[in-house]
Amino acid sequence: MEDQGTRPALGEEPPVVGSGNAPAPPGRVPPNPFSRRSILRALTSPVGWIPGIFLASIVVVLMLSSHFQNFGLGFFGPVWNPNPTDPSVATYGILYFVIGSALTAGFALVLAMLLSLAIAISLVVFLPSPASRILTSLTDLLAGIPSVVYGIWGYVILAPYFSKQLDPALSHYLGWLPGFAASPTEYAGGTGLLLAIFILTIMVVPLTTALLRESLRAIPREQVESGLALGATRWEVLRRVQLPWARRSIPSAVLLGFGRAVGETVAVFMVIGNEVKLPTSLFSGSSTMATLLVGQFDSAFEYPDLLHALVEVALLLLAISLVVNLLGLRYFGSGRMAHVGAGA
Amino acid sequence: MTAAAGAGDLSVDIELGLVPDRRVHRRVAWDRWLGRLLPLAFVAVLFPIIDLLYWIGSEALPTLSWTTLTTNPVGFGGGLYAPLTGTVYLVGIATAIAGTLGIVAGAYTAEFASPRAALIGRLLANLLTGTPAIVVGYFGYFALVLYTHSTFTLWAGAITLSIFMLPYVYRVTDAAFGSVPPSQREASLGAGSTRGQYLRRVALPIAFPQVLSGLFLAMAIGAGETAPLLFTAGWSITPAQGLSSPTSYLSGFIWNYFDQPSNLGHLVILSFQAAFLLIVGVLVLNVAVQLVAERYRRRLRGFFA
Amino acid sequence: MSGGPDGLPPDGTVVGPPFPREEIILLTSDLTVRSGPREILSGVSLAFPRQKVSAIIGPSGCGKTTLVRCLNRMAELAGLTISGEVRYRGRDIYDPQVNPVQVRRRIGMVFQRPTVFPSSIYENVAFGLRLERESREVVDRGVVRSLKRAGLWEEVREDLDRPALALSGGQQQRLCIARALAVEPGVLLMDEPTSSLDPIATQKVEDMIYELKKEYTVIIVTHNMQQAARVADYTAFLYQGHLVEFEETRQFFESPRAKLTENYITGRFG
């Protein structure tokens, strides 16, 4: 840390309460922008942006590697058909992958939000504090279980269970609902949208729970106490005092959770069945943009344009994650995220 | 307040709700029911996780032995020595890179950066955290494999992994230095030390446990990742022949062999054991994070008491 | 701990009460509060007369805030262990059959700093009434009545729909008092209600307290002896978790019985 040189000129110092530095003498000449100190400061200021510089290089490298001109609007069409011999007849349409991503991430997020609202409210409002502390650590621990482990568990244990027990039962009893009617061949392997949604839900819950929990905890304690002192029950205080305070955090948690779900690759690839088609039910095999990226990389060198098409998909995925995270972070600013730990 | 106070007074019973009042009763009953109902969501989440942990334990533990950890995978047997050491190398190098850059950048942001620069730095770091692992993997492939005219190498994998781990270290370091009690800062700077001396001699000892927990957290995240490594570190079932060759790693082992046909059953068993080792490693690191964080809280409490 | 530090009465002794027994509205008997191994209150026995203002004074950390928080069962929320009795009009409020929600409705509380909710002035005062799903007219009437009692009506009658957070600190605190009064409590507890206010706002709150005792029983915690002397009919002195003296205010300040009280009010410590 090159502290001596980077100490900023006093005029531009952040307003630190009670900083021990001596105040600027009156009538001091304005700082020379070419002084050694100013130059050093300018040179070292990107130090704090190192993570941002990596992010920028990710964007730049992917942009440079892409060939936007190769694909027109057909890129969002339904037919994904790489052709090894004649690139002119190959088509790269990602519609079904977009649909797969939207369905898995969307449904997983709805379920995860319901669960994590219930969990966050239990942790902050209803559970006694020792239980709350232990369960908070436990939900944070869940975030640490590797994606690939969820994947192998889903493939080896859940897929047979889904195909033999859960899927037939669901299609038998809920067949009248759209999405649940299916022929037995469709859930023969057990892998598919439903299993992917299930796994994704479990994987997103720690993040959304941590976000909602911290936003509920950030509410001043006096507010909660005043509500209780007026004779409100814990639930009434939650509904009339805490939720209005934390209201804005819910859409943000949805966005950040969606960003996590839509980018999840390995576990989803292992359980989604990897079929490129329009899903006919929740039991259909499907693919997402992320699983496309990991699944077709190996063949990318046999098909002339495939690698470029994949880079476009990676860029699209990056753009989606940047947008949803940017919007989501409007509420969960840096200060709040620090408490979220592994979940974020 | 008209009736005289005294035991057995009906008006007191009404006031204190001892005489049943339907409206209050309903509100309190609703509260009590929700208090029992909502925690059931834990069951919905924890039950599958317990199933996962129980399954992986019962698959891996009976066959896990010292030789599993010390021999390489071969034909119809062998162990996980190569993937285990590969993961250790990858995470070790990545932690060194991400740790150095993350701590320097985090401390700089907390102490030297102007408020606006700090805001931008934190926002970008949070965005990097939200970037899908597979996208980071593609970046790694282009930047470190394709454009360098290289092949899949251990160091490409480690660097890509470090990019993924970096924002976690940065964020925790920034928060740790930012949470040093202002009184400490004022006392130190007021006594005439430079900001660098303050950082090294005052802030670092206070913030260190939290920074350490950030490093553990990043290691846990890095150890379990698969997607950033597939197209950078490549895959090899044998130990890496140095930093410039493809390597083996635990998550890659699972990825490559989880769906092998049953005549290659030993590979499937090995991938269960790899999953078990990953979980144990990650959980140990996470518990370390929480223990360190708990100690840190106690220490800080001393400052504010 | 039989005698306590110098001059303290033995635990459990009811000091006073200097008023007839039938005037007692709230009474603690041998109230002991622990936080883990630490004893915050040691056998406090104290009786509060109705439609009077009673002040609790003492050096910081003496347990006075904990004491008032025991009176409406707020203390248990912080995980404190409470033993002894608190009786409201003769009934033990810690009886398992008594619901804390109902207790807090009957025994209202105002905090050190104003804690208005981030909603309109009207909605703040209506909070307690809305819980019972009172009709529109009842809520309207309750809001106006409480604002008038808190001396805030004339200042806010034009902008009941404005956000309460736009009010000044003193107005916010009086709004909190109005909010507590809206549910018609029998007793109003005030925990250093003016500690965050300037002298003029403090004056207004004190004037209001004076008016309130015509209808309510007020128990006020204060670190400010002059305030106790100004507003209170009775004053209690708490020291290190022990009740030292409880006396009619004039008597308390002019000729305290305990040496400890005299030392405190003459500024020799605290």
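One can find the structure itself at the top, above this paragraph.
These figures come from a predicted structure and were not determined experimentally.

### Remarks on the overall build of chain B
For chain B, the helix and strand inventory stands at 13 helices and two strands. Buried residues in chain B amount to 54% of all 305 residues. Relative to all contacts within chain B whose residues are 6 or more apart in sequence, the contacts with residues 24 or more apart total 73%. Of the roughly 12800 Å² of accessible surface on chain B, 67% is carried by carbon and sulfur atoms.

### Brief notes about the sheet that holds strand β1 (residues 24–35) of chain C
All names here are of chain C. Read across the open sheet, the four strands follow the order β2-β1-β4-β5; overall the sheet is antiparallel. The strands lining the two open edges of the sheet, one partner per strand, are β2 (38–49) and β5 (91–92). Strands in contact with helix α1 (residues 64–71) are β1, β2 and β4 (81–88); relative to β1, the strand with the most contacts, it is inclined by about 120°.

### Points about the nonpolar core
L62 and Y150 of chain A, I134 and Y138 of chain B together with L26 and L147 of chain C are the most contacted members of the largest nonpolar core, which totals 278 residues. Structurally, this core is a two-domain feature, drawing no fewer than three residues from each of domain 1 (11–52) and domain 2 (64–304) of chain B. Beyond its immediate chain neighbours, meaning those up to four positions away, L26 of chain C contacts L46, A47, F48, L71, V86, R87, Y88, I107, V187 and I219 of chain C.

### Focus: the interface of chain A and chain B
Contacts between the two partners involve 94 residues from chain A and, on the opposite side, 88 residues from chain B. Carbon and sulfur atoms supply 77% of the area that chain A and chain B bury against each other, a total of about 8100 Å² over both sides. For the pair chain A and chain B, the interface holds two salt bridges. Put simply, E236 of chain A and R27 of chain B hold a salt bridge, and the shortest N to O gap is 2.6 Å.

### Notes on the packing of aromatic side chains
Residue and element names in this part refer to chain B. Under the criterion given, the structure shown has 29 aromatic pairs over all chains. Aromatic pair F142 and Y147: ring centres 5.9 Å apart, planes at 40°, arrangement tilted. What makes F142 buried here is its relative accessible area of 2%. Given a relative accessible area of 42%, Y147 falls into the partly exposed group.

### Digging into the interface of chain A and chain C
Contact with chain A, which involves 15 residues of that partner, is made by 21 residues of chain C. Overall, the association of chain A and chain C removes approximately 1700 Å² of surface from exposure, summing both partners, and the carbon and sulfur fraction of that is 65%. When the area that chain A buries against chain C is broken down by residue, the three leading residues are A229, L230 and R240 of chain A, summing to 37%. Viewed at the interface, chain C and chain A are joined by two salt bridges. At the boundary of chain A with chain C, the tally comes to four residue pairs in polar contact (both at pLDDT 80 or more). Looking at the side of chain A that touches chain C, the elements with two or more residues in it are α8 (221–229) and α9 (234–246) of chain A. Classifying every residue of the side of chain A that touches chain C by side-chain character gives six nonpolar, five polar and four charged.

### Describing the side chain of S54 of chain C
Considering the arrangement of structural elements, one finds S54 of chain C in strand β3 (residues 53–57). Residue S54 of chain C is classed as buried on the basis of its relative accessible area of 0%.

### A word on the packing of helix α3 (residues 50–65) of chain A against helix α7 (residues 133–146) of chain B
At a minimum axis distance of 9 Å, the contact between α3 of chain A and α7 of chain B shows a crossing angle of 65°. In terms of orientation, α3 of chain A and α7 of chain B fall into the roughly perpendicular class. The handedness of the crossing between α3 of chain A and α7 of chain B is left-handed. Side by side, α3 of chain A and α7 of chain B meet where S57, I58, V61, L62 and S65 of chain A of the first sit next to V135, V136, Y138, F139, F142 and A143 of chain B of the second. By residue class, the composition of the contact of α3 of chain A with α7 of chain B is nine nonpolar, two polar and no charged.

### So, the packing of helix α4 (residues 95–126) of chain A against helix α10 (residues 249–263) of chain A
Residues and elements named next belong to chain A. Relative to each other, α4 and α10 sit at 135°, their axes nearing to 9 Å. In this view, α4 runs oblique relative to α10, as classed from their interaxial angle. Relative to α10, the crossing made by α4 is right-handed. Side by side, α4 and α10 meet where S101, A105, G106, L109, M113 and L117 of the first sit next to I250, A253, V254, G257, F258, A261 and V262 of the second. Of the residues in the contact of α4 with α10, the class split is ten nonpolar, three polar and no charged.

### Focus: the pairing of β3 of chain C
All names here are of chain C. Taking burial as the measure, the five residues of β3 include five buried ones, the bulk of the element. Across the two faces of β3 the burial is the same, with V53, A55 and I57 and S54 and I56 all buried. Sheet topology note: the β3/strand β8 (residues 217–221) ladder contains four bridges and is parallel. Residue pairing in the sheet places V53 in a bridge with V218 of β8.

### Regarding the side chain of Q171 of chain C
Examined against the element boundaries, Q171 of chain C turns out to sit in helix α6 (residues 169–181). Ignoring anything within four residues of it in the chain, the contact list for Q171 of chain C reads L152 and E155 of chain C.

### Observations regarding the sheet that holds strand β9 (residues 234–239) of chain C
Residues and elements named next belong to chain C. The strand order across the open sheet built from six strands is β6-β7-β8-β3-β9-β10, with neighbouring strands paired in mixed fashion. Where the open sheet ends on each side, the last strands, each with one partner, are β6 (107–110) and β10 (242–248). Across the sheet, the mean angle from the axis of one strand to that of its neighbour is 20°, orientation sign disregarded. One ladder, built from five bridges, connects strand β7 (residues 187–191) with β8; its direction is parallel.

### Focus: α8 of chain A
Counting buried residues along α8 of chain A, seven of its nine residues qualify, which places the element largely inside the surrounding structure. Listed in full, the buried residues belonging to α8 of chain A are Q223, V224, E225, S226, G227, L228 and A229 of chain A. The secondary structure elements touched by the buried residues of α8 of chain A are α9 of chain A together with α1, α2 (100–106), β6, α3 (121–131) and α6 of chain C. Positive backbone phi, approximately 85°, marks G231 of chain A, located one or two places after α8 of chain A.

About the criteria used
Residues numbered from 1 in each chain as written. Chains lettered and ligands numbered in written order. Predicted model: local features only at pLDDT ≥ 70, side-chain atom pairs only at ≥ 80, totals over all residues. Heavy atoms only, no water. Helix = DSSP H or I, 4+ residues; strand = E, 2+ residues; numbered from the N terminus. Buried < 20%, exposed > 50% of the residue type's maximum accessible area, 1.4 Å probe, protein only. Contact = heavy atoms within 4.5 Å. Areas by Shrake-Rupley, 256 points an atom, 1.4 Å probe, with all protein chains shown as cover. Pairing = 2+ DSSP bridges. Axes fitted to C-alpha atoms, helices over the stretch in contact; angles between N-to-C directions. Core = buried A, V, L, I, M, F, W, Y, C linked by side-chain atoms within 4.5 Å. Domains from an automatic or database assignment. Buried area = accessible area lost by both parts, 1.4 Å probe. Salt bridge = Lys/Arg side-chain N within 4 Å of Asp/Glu carboxyl O. Phe/Tyr/Trp six-rings, centres within 6.5 Å; stacked < 30°, edge-to-face > 60°. Polar contact = N/O pair within 3.5 Å; in protein donor to acceptor, adjacent residues only side chain to side chain. Nonpolar A, V, L, I, M, F, W, Y, C, P; charged D, E, K, R; others polar. Parallel < 35°, antiparallel > 145°, perpendicular 65-115°, else oblique. Left-handed = near helix turned anticlockwise from the far one by under 90°.

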